[in-house]
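# Structure assessment
Chain by chain, the residues run as shown.
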Amino acid sequence: MQMIYNSPNYCVVEFPAQEDNVALTSGGYEIVDKNLQKELYIDGFMAARFREHVQKLIETQPSLDEVDEFLGQFDSLMQQPVVLH
């Protein structure tokens, strides 16, 4: 796993594909909204689309606010509370 984005509002962690792990055969992303204290894990088709959109966004050299705005589109899908151990 690798943290690919971290701002005061959001954190995104990429999980690479792992052939020996059924749950991660295609890899995925965990998106955490630090303010809502909720997270979302996406994989498969949704992760592929997310990757495409992020690559296009990066090409525009966005500000942190623009990246956070993009990630804010996922807030309504976040149902899992962030739990610290």
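Bear in mind that the values here come from a model prediction, so they are computed numbers and not experimental data.

Definitions and limits used
- Residues numbered from 1 in each chain as written.
- Predicted model: local features only at pLDDT ≥ 70, side-chain atom pairs only at ≥ 80, totals over all residues.
- Heavy atoms only, no water.
- Buried < 20%, exposed > 50% of the residue type's maximum accessible area, 1.4 Å probe, protein only.
- Helix = DSSP H or I, 4+ residues; strand = E, 2+ residues; numbered from the N terminus.
- Arc of directions from axis to C-beta.
- Contact = heavy atoms within 4.5 Å.
- Salt bridge = Lys/Arg side-chain N within 4 Å of Asp/Glu carboxyl O.
- 1 Å grid on protein atoms, 1.4 Å probe; cavity = no way out; pocket = protein on both sides within 12 Å on 5 of 7 lines; lining within 4 Å.
- Points joined across faces, edges and corners; volume = space filled by probe spheres on them.
- Phe/Tyr/Trp six-rings, centres within 6.5 Å; stacked < 30°, edge-to-face > 60°.
- Lys, Arg positive; Asp, Glu negative; His and termini not counted.
- Polar contact = N/O pair within 3.5 Å; in protein donor to acceptor, adjacent residues only side chain to side chain.

## Side note on helix α2 (residues 64-72)
- Here α2 has its buried residues at V67, D68, F70 and L71. The buried residues of α2 all sit within an arc of 155° when viewed along its axis, so they share a single face. Those residues of α2 that are exposed and aimed more than 90 degrees away from the buried face are D65 and E69.
- Those residues of α2 hidden inside the fold are in contact with β1 (2-6), β2 (10-15), β3 (28-33) and α1 (44-59).

## Describing the pattern of salt bridges
- Scanning the model with the defined rule gives one salt bridge in all.
- Put simply, R49 and E52 hold a salt bridge, and the shortest N to O gap is 3.5 Å. Within this pair, R49 and its partner E52 are both found in helix α1, separated by three residues, close to a single helical turn.

## Topic: the environment of G28
- On the secondary structure map, G28 appears in strand β3.
- When the C-alpha atoms of G28 and M46 are compared, they prove to be 8.7 Å apart, with 18 residues separating the residues in sequence.

## Things to note about the layout of surface pockets
- When its volume is computed, the largest pocket comes out at roughly 230 Å³.
- Surrounding the largest pocket, 14 residues form its lining, I4, Y5, V54, I58 and V67 being those nearest its centre.
- Elements with a minimum of two residues in the lining of the largest pocket: β1, α1 and α2.
- With six residues, α1 is the single largest residue contributor to the lining of the largest pocket.

## Thoughts on the packing of aromatic side chains
- Scanning the model with the defined rule gives five aromatic pairs in all.
- Pairing F70 with F74 gives two aromatic rings, centres 5.9 Å apart and planes at 75°, and the pair type is edge-to-face.
- A relative accessible area of 13% places F70 in the buried class.
- A connected cluster of aromatic rings, assembled from ring pairs, spans Y29, F50, F70 and F74.

## Observations concerning the side chain of D33
- Along the polypeptide, D33 turns up in strand β3.
- For the buried D33, no salt bridge is present, and the opposite-charge side chain at shortest range is K34, 9.3 Å distant.
- For D33, the side chain forms a polar contact with the side chain of Y10, separated by 3.4 Å.
- Ignoring any residue separated from it by four or fewer positions in sequence, one finds D33 in contact with N9, Y10, K38, D75 and M78.

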